Amino acid sequence: ESEVRPTARDDLKLLVLTVASDKTDGYKRFIDSANLNGLKTKVLGLDKPWQGGNMKSVGGGYKLNLYLEALEPYKKHVDLVVLLTDAYDVVLLANSSIILKKFTEFDASIVVSTERSCWPDKNLVDRYPIVDLDGYRFINSGGVIGYASQLYKLLSEKTIKDLGDDQLHLTNLYLNTDLREKLKIKLDSYASLFQSLYLAEDDVRLRLVNKSYILENIHFNTHPAVVHGNGLSKLTLNSYTNYIPNKWSPEIGCNTCQDNTINLSAYKKDDYPTVLISVFVDKPTPFFDEFLEKIENIDYPKSRLFLSITTLVDYHKDHVKKFISRVGDKYNATFVFHKTTDENIHARHFTFSLCSSKLCDYLFYIESEAHLDNPQTLKTLIEDNKKIIAPMLTRPFKAWSNFWGALSKDGFYARSFDYMDIVNYNKTGIWNVPYICSVYLMKGTILENKYTRPSYKEDNLDYDMAFSKSLREKGVFMYIDNQYTFGHLIDSETFDITLKNPEVFQLFDNRYDWEQRYIHPDYMENFNPDNKPAEPCPDVFWFPIVTEQFCREFIEIMENFGKWSDGSNNDPRLDTGYEAVPTRDIHMRQVGLQSVWLEFLKLFVSPLQERVYHGYYSDGPPQTLMNFVVKYNPLGQASLRPHHDSSTYTINIALNSPGKDYHGGGCHFLRYKCKVTDMKVGWMLMHPGRLTHYHEGLEVTNGTRYIMISFVDP
Ligand SMILES: O=C(O)CCC(=O)C(=O)O
Ligand SMILES: [Fe+2]
């Protein structure tokens, strides 16, 4: 038997041995990295029950025993180097020639990976040799490389029970000085080959080299070939493996997002996977009708969809009822559940069993704050072909989203190095992240298997925190897709359902949705340089500004409030207590809409004013003297006598329709002998207030006319 000479040799071959009982996401990631680097790999214990005890605590002797058994046939080989490594939380970053070169540079027969903590027996610290330059001093059993013959000798030196601790076992073998010298065992203290990430997170960086990222140990200036998310560093590894090996680069973007995808367009409609859309309404949510409309608009054969809506609050029951009676028939089946908030976890788990009983291929979970503006979202997520994946949604104009890039030590939100880039679409792709919420697509298969089924109940955590935690613990990778824009998140925080039509009050908190619902669809046309604004009378301009729905809801708010002024000259709402030209009206202040209205003027009215009366700017938000809704009818006040407004300019928005809701009415500009009577709902008149535009409100002969007036000054 020839003695092994540990020098660089070009006849050496490398074999990777690993142990995995399940093809978890981590396992697949490991195999992908091995294949990418062309490494010959043998997996031990696959699809056999794990014999090494609870993976969370000690165990792993089973692993060493499998290695020993696998090394047996090679025990006489002198040209074979074997790399023993964990799989679920390991990624390989180099090919065999690099690994072998690094190995032979050690001039050792066996090299063991290291870490900063002495585990599981802290008392052994002093028995470890001192390491210079703050190198990693203690053994990590997740990575060992050596000549097959020497590894065989090492592992057959002493038996270990399947339930024994592999790290402690290897440590004791190493701390046996005679054996260490005899077998020429060395530690990789400077991460030449192995990088354990736990307690070393600050030592490593991703660095861009030749247009792709490599992992660099900046402490020792090395480029490790094996990276191990040991201990509490699993999420750090997950984050790095969004980039390495060869996953994402600034030049190409996502390299692997198109791998293993499904092409739904190759399916006949009748063969589409079945999906249970599970909607959860946990709290009163603004813009809920729009939410439901977007559910209805999901582009997917409805015969392949089951729709379940679970409400935990009474407020939206009627919306749901109306919705289901209108569209329910189109779906394969629909389910409506009204539950109490105490039942929220159980109700969620119940939808898992609903999915299983309907044999659905996917469960698409959607909370009422998650607006899927993009009807292709469901198809896109199915095509991504992940066990669980969320479309990235954000609150418009905010950094708030439905995923976290990292976790703090106590399990809450932490900002990852790439969070803002992902939220802002500077980096697009499919990202492995530690927390997702609000909307996600899950494969039915993960719900059927208790080893992968998520749970909404963990410790005393909120259901959403529990959900992601359970998946992290089960080793199921959660992904977020930001390759497209899918929609946005609603903010329900300030939604006050004691108000009439409370969405009108939501301009500050949900401006995007407010504009979608209330700003006239032609509003932007007002700024088209090819269009001249309508000018029905001299210097009286006319703009589409709000929707019919806005006008309807606005009138309802006023009528619900009901305290119209009496139309007399005495007006206690005014500082002076006197109104020369009184109308029967309600002020914005009286219904709590003053600040919303000023914001509306600033955002949507000022820019129009600047377009027609050039060179006049409101310095800051427009100042107004009065903002009010006027109600004309033959029984109350039918007309308004000629007058000047106390404003620089006035806006006058028609809230309902002549000829339909009332007869007569309109605004007469006496100096120009010009009347505007064909008011259009949601259109705004803008005219100078004083001097030139002496005007009157024409008589309403029938029905009720409502207008919204603001006196802007300046
Ligand atoms: O009835 C109209 O359109 C004009 C109303 C008016 O001038 C006012 O309220 O100051
Ligand atoms: Fe007026």
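Residues numbered from 1 in each chain as written. Chains lettered and ligands numbered in written order. Predicted model: local features only at pLDDT ≥ 70, side-chain atom pairs only at ≥ 80, totals over all residues. Heavy atoms only, no water.

**A look at the overall build of the protein**
The line we're drawing: Here a helix means four or more residues in a row that DSSP labels H or I, a strand means two or more in a row labelled E, and each is numbered from the N terminus. In this treatment the radius of gyration is a C-alpha quantity, and the globule benchmark scales as 2.2 Å times the residue count to the 0.38 power. Buried, partly exposed and exposed residues are distinguished by accessible area as a fraction of the type maximum, computed with a 1.4 Å probe on protein chains only: under 20%, between the cut-offs, and over 50%, respectively. Method for areas: the Shrake-Rupley scheme with a 1.4 Å probe, in which residue coverage is limited to the protein chains shown. Two residue types count as positive, namely Lys and Arg, and two as negative, namely Asp and Glu; His and chain ends fall outside the count. Positions of charges follow a simple convention, taking NZ of Lys, CZ of Arg, CG of Asp or CD of Glu.
The number of helices and strands found in the protein is 17 helices and 40 strands. For 714 residues, the compact-globule formula gives about 27 Å, and the C-alpha radius of gyration of the protein, at 35 Å, lies well above that figure. Its C-alpha atoms give the protein principal-axis dimensions of roughly 115 × 55 × 50 Å. Within the protein, the fraction of its 714 residues that count as buried is 56%. Of the roughly 31800 Å² that the protein leaves accessible, carbon and sulfur atoms contribute 49%. Positive and negative side-chain charges in the protein, numbering 80 and 92 respectively, have mean positions lying 4 Å apart.

**Quick look at the pattern of salt bridges**
This is how the line gets drawn: By convention in these notes, a salt bridge is any Lys or Arg side-chain nitrogen within 4 Å of a carboxyl oxygen on Asp or Glu.
Taken as a whole and judged by the stated rule, the model has 32 salt bridges. Lys63 serves as the salt-bridge partner of Asp166, at 2.8 Å between the closest nitrogen and oxygen. Of this pair, Asp166 sits in helix α5 (residues 166–175) while Lys63 is found in helix α2 (residues 61–71), placing the two residues 103 residues apart along the sequence. On the accessibility criterion, Asp166 (7% relative accessible area) is buried. Given a relative accessible area of 9%, Lys63 falls into the buried group. The shortest N-O distance in the salt bridge between Asp585 and Arg573 comes to 2.5 Å.

**Quick look at the coordination of the iron ion (ligand 2)**
How we decide: The donor set covers N, O and S atoms within 2.8 Å of the metal, switching to 3.2 Å for Na, K and Ca, and it leaves out water, so a site may look short of donors.
Only His643 (NE2), Asp645 (OD) and His695 (NE2) from the protein reach the iron ion (ligand 2) as donors, at distances of 2.1 to 2.2 Å. When the donor residues of the iron ion (ligand 2) are listed from N- to C-terminus, their spacing reads H-x1-D-x49-H. Taking the relative accessible area as the measure of exposure, His643 reaches 7% and is therefore buried.

**So, the nonpolar core**
Let me state the cut-off plainly: Remark: nonpolar core denotes a set of buried residues (Ala, Val, Leu, Ile, Met, Phe, Trp, Tyr, Cys) joined through side-chain atoms within 4.5 Å. We call two residues in contact when some of their heavy atoms are within 4.5 Å.
Judged by nonpolar contacts, the single largest core of 46 residues is most densely connected at Ile388, Phe403, Ile436, Tyr440 and Met442. A per-element tally of this core places helix α10 (residues 344–357) first, with 4 residues. In this structure, Met442 is in contact with Phe352, Asp361, Tyr362, Leu363, Tyr365, Lys387, Ile388, Leu447, Pro454 and Phe467, ignoring residues within four places of it in sequence. In this structure, Phe287, Ile490, Phe543 and Phe600 belong to the second largest nonpolar core, which totals 45 residues.

**Focus: the confidence of the model for the protein**
Under the convention used in this document: The predictor's confidence in any single residue is recorded as pLDDT, a number from 0 to 100.
Per-chain confidence: the protein averages 95 in pLDDT, with 98% of residues scoring 70 or above. Contacts from residues 1–7, a stretch scored under 50 in pLDDT, to residues over four places away or in other chains number 13 contacts.

**Examining the environment of Trp50**
By the element assignment, Trp50 lies in the loop between β2 (41–44) and α2. According to the relative accessible area criterion, Trp50 is partly exposed, its value standing at 24%. Sequence separation between Trp50 and Tyr62 is 12 residues, and the spatial gap between their C-alpha atoms is 8.0 Å.

**Focus on helix α14 (residues 463–473)**
The buried fraction of α14 amounts to 8 of the 11 residues, a majority that puts the element mostly inside the structure. For α14, the complete set of buried residues consists of Tyr463, Asp464, Met465, Ala466, Phe467, Ser468, Ser470 and Leu471. A positive backbone phi angle near 70° is found at Gly475, which sits one or two residues after α14.

**A few points about the site of ligand 1**
Which entries qualify depends on this criterion: By convention in this text, a residue qualifies as near a molecule or strand provided that one of its non-hydrogen atoms is within 4 Å of it. N or O atoms closer than or at 3.5 Å make up a polar contact, with two conditions inside protein: a donor-capable atom paired with an acceptor-capable one, and, for residues adjacent in sequence, both atoms drawn from side chains. Residue polarity is assigned by list, with Asp, Glu, Lys and Arg as charged and Ala, Val, Leu, Ile, Met, Phe, Trp, Tyr, Cys and Pro as nonpolar; anything else, Gly included, falls into the polar class.
Residues in close proximity to ligand 1 total 13 residues, the closest being Tyr632, Asp645, Asn652, His695 and Arg705. In the environment of ligand 1, an oxygen atom lies 2.6 Å from a nitrogen or oxygen atom belonging to the side chain of Tyr632. Here Asp645 contributes a side-chain N or O atom positioned 3.1 Å from an oxygen atom of ligand 1. Where the shell around ligand 1 is concerned, the elements lending two or more residues are β32 (640–643), β38 (695–697) and β40 (705–712). Grouping the constituent residues of the shell around ligand 1 by class yields 6 nonpolar, 5 polar and 2 charged.

**Some thoughts on the state of the cysteines**
A covalent bond between the sulfur atoms of two cysteines is what we call a disulfide. Our working definition: Here, two cysteine sulfur atoms that lie within 2.5 Å of each other are counted as a disulfide.
If you walk through the whole model with that rule in mind, you get 3 disulfides. There is a disulfide in this structure between Cys254 and Cys257, and the S-S distance comes to 2.0 Å. When the S-S torsion is 95°, as for the bridge of Cys254 with Cys257, the disulfide is right-handed. Under the relative-accessibility criterion, Cys254 is labelled partly exposed at 21%. The exposure class of Cys257 is buried, given its relative accessible area of 6%. Each sulfur of the disulfide joining Cys355 and Cys360 lies 1.7 Å from the other. Since a negative S-S torsion denotes a left-handed disulfide, the Cys355-Cys360 link at about -100° is left-handed. On the basis of relative accessibility, which here comes to 1%, the residue Cys355 falls in the buried class. For Cys360, a relative accessible area of 3% corresponds to the buried category. Here the cysteine-cysteine linkages of the protein are recorded as 1-2, 3-4, 5-6, numbering only bonded cysteines and doing so in sequence order. Of all cysteine sulfurs, the one in Cys537 lies closest to Cys667, which takes part in no disulfide; the gap is 8.0 Å.

**Brief notes about the domain arrangement of the protein**
This is how the line gets drawn: An automatic or database domain assignment supplies the start and end points of every domain. Joining two parts hides part of their accessible area as seen by a 1.4 Å probe, and the buried area is that hidden amount summed over both.
Domain annotation for the protein reports domain 1 (13–191), domain 2 (264–489) and domain 3 (503–712). Between the C-alpha centres of domain 2 and domain 3 there is a distance of 42 Å. Domain 2 puts 11 residues into the contact, and the matching count from domain 3 is 9 residues. Summed over both sides, the interface of domain 2 with domain 3 buries roughly 800 Å², with 58% coming from carbon and sulfur. Summed over the shared surface of domain 2 and domain 3, the number is 1 salt bridge. One can count 3 residue pairs in polar contact (both at pLDDT 80 or more) joining domain 2 with domain 3. For the side of domain 2 that touches domain 3, the per-class residue count stands at 5 nonpolar, 3 polar and 3 charged.

**Comments concerning the pairing of strand β37 (residues 683–688)**
Basically, it comes down to this: Should DSSP find at least two bridges between two strands, the strands are taken to pair.
Within β37, 6 of the 6 residues are buried, which leaves it mostly tucked inside the rest of the structure. With burial as the criterion, each face of β37 is covered, one bearing Trp683, Leu685 and His687 and the other bearing Met684, Met686 and Pro688. Sheet topology places strand β29 (residues 540–544) next to β37; 4 bridges connect them, and they run antiparallel. Bridge pairing in β37 places Phe543 opposite Met684.

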